[in-house]
Amino acid sequence: MITYLIGLVDEVRPVKNTNRQTGEITQTLEVTVTYSSHDLEGYKVKDTEILRLPITDREKWQSYKDKFVGIPYRFISAGQRGNFLIVADDIQIETFDKSPFAASTAPAAAASKK
């Protein structure tokens, strides 16, 4: 299933991984995306996802840091092994000037003047 992870790219950092059997050290990229909004009762709702990506994508993801993005990804359910998120590299990442979930205050202000 293709869906979008929408939120603010909070952090982009390299992570070193050591293979316990071979001792080989590899690097991956850890991208932290935070979703923030409010529920119908006005309470804040936050969720953070951490994506593990190839280190070769570091420059690309660094350019998205501190921006609101819509990241297309594939959600794969692997039974007892769990669920996995895989970024869909073949679909363009969307960027936003501000959170697409931010409520506009203009209509509410116009309605209160009536």
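See the structure printed just above.
Residues numbered from 1 in each chain as written. Predicted model: local features only at pLDDT ≥ 70, side-chain atom pairs only at ≥ 80, totals over all residues. Heavy atoms only, no water.

Q: Which residues make up the nonpolar core, and what values do they have?
A: Generally speaking, a soluble globular protein has its nonpolar side chains buried in company with each other. If you look at the biggest cluster of nonpolar residues, it comprises 15 residues, and the most contacted ones within it are Val-9, Val-31, Leu-51, Leu-53, Trp-61 and Ile-71. Elements supplying a minimum of two residues to this core: β1 (2–18), β2 (25–38), β3 (44–54) and β4 (68–77). Leu-51 has contacts with Leu-5, Leu-29, Glu-30, Val-31, Ile-71, Leu-85 and Val-87, leaving out every residue within four places of it along the chain. (Core = buried A, V, L, I, M, F, W, Y, C linked by side-chain atoms within 4.5 Å. Buried < 20%, exposed > 50% of the residue type's maximum accessible area, 1.4 Å probe, protein only. Helix = DSSP H or I, 4+ residues; strand = E, 2+ residues; numbered from the N terminus. Contact = heavy atoms within 4.5 Å.)

Q: Which residues make up the pairing of β2, and what values go with them?
A: Both faces of the sheet carry side chains from a regular strand, because those side chains alternate between them. Looking at chain direction, β1 and β2 are connected through ten bridges and run antiparallel. Bridge assignment links Lys-16 to a residue of β2, and that residue is Gln-27. Count of turn residues in the β1/β2 antiparallel hairpin: six residues, of which Gly-23 carries a positive phi of about 80°. Both β2 and β3 contribute to a ladder of eleven bridges, which runs antiparallel. When the sheet's bridge partners are listed, Val-33 is paired in β3 with Glu-49. (Pairing = 2+ DSSP bridges.)

Q: Summarise the side chain of Ser-99; cite the residues concerned and give the values.
A: With respect to the helices and strands, Ser-99 occurs in the loop between β6 (94–96) and α2 (106–112). Excluding residues within four positions of it along the chain, Ser-99 makes contact with Ser-36 and Phe-68.

Q: Give a description of unusual backbone geometry that names residues and reports values.
A: Although it is not a glycine, Asp-66 sits at a positive phi angle of roughly 65°. By secondary structure assignment, the location of Asp-66 is in the loop between α1 (58–62) and β4. Overall, Asp-66 belongs to the exposed group, its relative accessible area being 57%.

Q: Can you tell me about the pattern of salt bridges, naming the residues and giving the values?
A: Applying the stated criterion across every chain yields a total of four salt bridges. The residue Glu-11 makes a salt bridge to Lys-65 at a minimum N-O spacing of 3.1 Å. Of the two residues, Glu-11 is situated in strand β1 and Lys-65 in the loop between α1 and β4; the sequence distance between them amounts to 54 residues. Residue classification places Glu-11 among the partly exposed residues on the basis of a relative accessible area of 32%. Lys-65 gets classed as partly exposed once you look at its relative accessible area, which sits at 26%. Close ionic contact of Arg-52 with Glu-30 constitutes a salt bridge, the shortest N to O distance being 3.2 Å. Here Arg-52, found in strand β3, pairs with Glu-30, found in strand β2; they are 22 residues apart in sequence, far enough to count as distant. (Salt bridge = Lys/Arg side-chain N within 4 Å of Asp/Glu carboxyl O.)

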